[in-house]
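Here is what each chain is made of, one letter per residue.
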Amino acid sequence: FGAWWDNHAELEAGEAREQFADFIGSAVTEGIQEARDILGALNGLTPEVDDKISTIADLIQERLEQFVNSE
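What you see is a predicted model, and the numbers here were worked out from it, not measured in a lab. (Residues numbered from 1 in each chain as written. Predicted model: local features only at pLDDT ≥ 70, side-chain atom pairs only at ≥ 80, totals over all residues. Heavy atoms only, no water.)

### Some details on helix α3 (residues 47-69)
- With 23 residues, α3 should reach 33 Å at 1.5 Å per residue; the first-to-last C-alpha distance of 33 Å fits that figure.
- Within the span of α3, buried status applies to I53, L64 and V68. (Helix = DSSP H or I, 4+ residues; strand = E, 2+ residues; numbered from the N terminus. Expected span 1.5 Å × (residues − 1). Buried < 20%, exposed > 50% of the residue type's maximum accessible area, 1.4 Å probe, protein only.)

### Side note on helix α2 (residues 13-41)
- Here α2 contains 29 residues, and its C-alpha end-to-end distance of 42 Å stays within 8% of the 42 Å for a straight helix at 1.5 Å per residue.
- Where α2 is concerned, the buried positions are A16, R17, F20, A21, G25, I32 and R36.
- Next to the buried residues of α2 lie α1 (2-6) and α3. (Contact = heavy atoms within 4.5 Å.)

### Some details on the side chain of R36
- Its place among the elements puts R36 in helix α2.
- R36 sits in the buried class, given a relative accessible area of 18%.
- Here D50 takes part through its side chain, which lies 2.6 Å from a polar atom of the side chain of R36.
- Look past the residues within four positions of R36 in its chain and what remains in contact with it is L45, D50, I53 and S54. (Polar contact = N/O pair within 3.5 Å; in protein donor to acceptor, adjacent residues only side chain to side chain.)

### Looking at the packing of aromatic side chains
- Inspection of the entire model under this criterion finds 6 aromatic pairs.
- Between F1 and W4, the aromatic rings sit 6.4 Å apart at their centres with planes inclined by 20°, giving stacked as the arrangement.
- Consider the rings of F1 and F67, whose centres lie 5.1 Å apart with planes at 80°: the pair is edge-to-face. A residue pair is termed long-range when its members are at least 10 positions apart, and F1 in the segment before α1 and F67 in helix α3 qualify at 66 residues.
- Ring-pair connections join several aromatic residues into one group, and the members of that group are F1, W4, W5, F20 and F67.
- For R17, the ring lying beneath its charged end belongs to F67, and the centroid distance is 4.5 Å. (Phe/Tyr/Trp six-rings, centres within 6.5 Å; stacked < 30°, edge-to-face > 60°. Lys NZ or Arg CZ within 6 Å of the ring centre and 35° of its normal.)

### Some points on the packing of α2 against α3
- Packing of α2 against α3 brings their axes to within 10 Å, and their N-to-C directions diverge by 175°. In terms of orientation, α2 and α3 fall into the roughly antiparallel class. Along its contact with α2, which presents R17, E18, F20, A21, I24, G25, V28, I32, R36 and L39, the element α3 presents V49, D50, I53, S54, A57, I60, L64, F67 and V68.
- Among the residues forming the contact of α2 with α3, the class breakdown is 13 nonpolar, 2 polar and 4 charged. (Axes fitted to C-alpha atoms, helices over the stretch in contact; angles between N-to-C directions. Parallel < 35°, antiparallel > 145°, perpendicular 65-115°, else oblique. Nonpolar A, V, L, I, M, F, W, Y, C, P; charged D, E, K, R; others polar.)

So this is what it looks like as structure tokens:
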């Protein structure tokens, strides 16, 4: 985050955290979708695997929200 914020020094702390979380969250969401697509193509996306992926995605989202709300 520090290096990212150095490149966006015009932002206040709260706004910087929000934008960083949005940036990282989008990348994570894209990666998760790509993983699901690959596993689906390989017939490896079972309901159990999909549930675990969803659980991990939810945890990541929670952590990003905690990061945004921490000062």
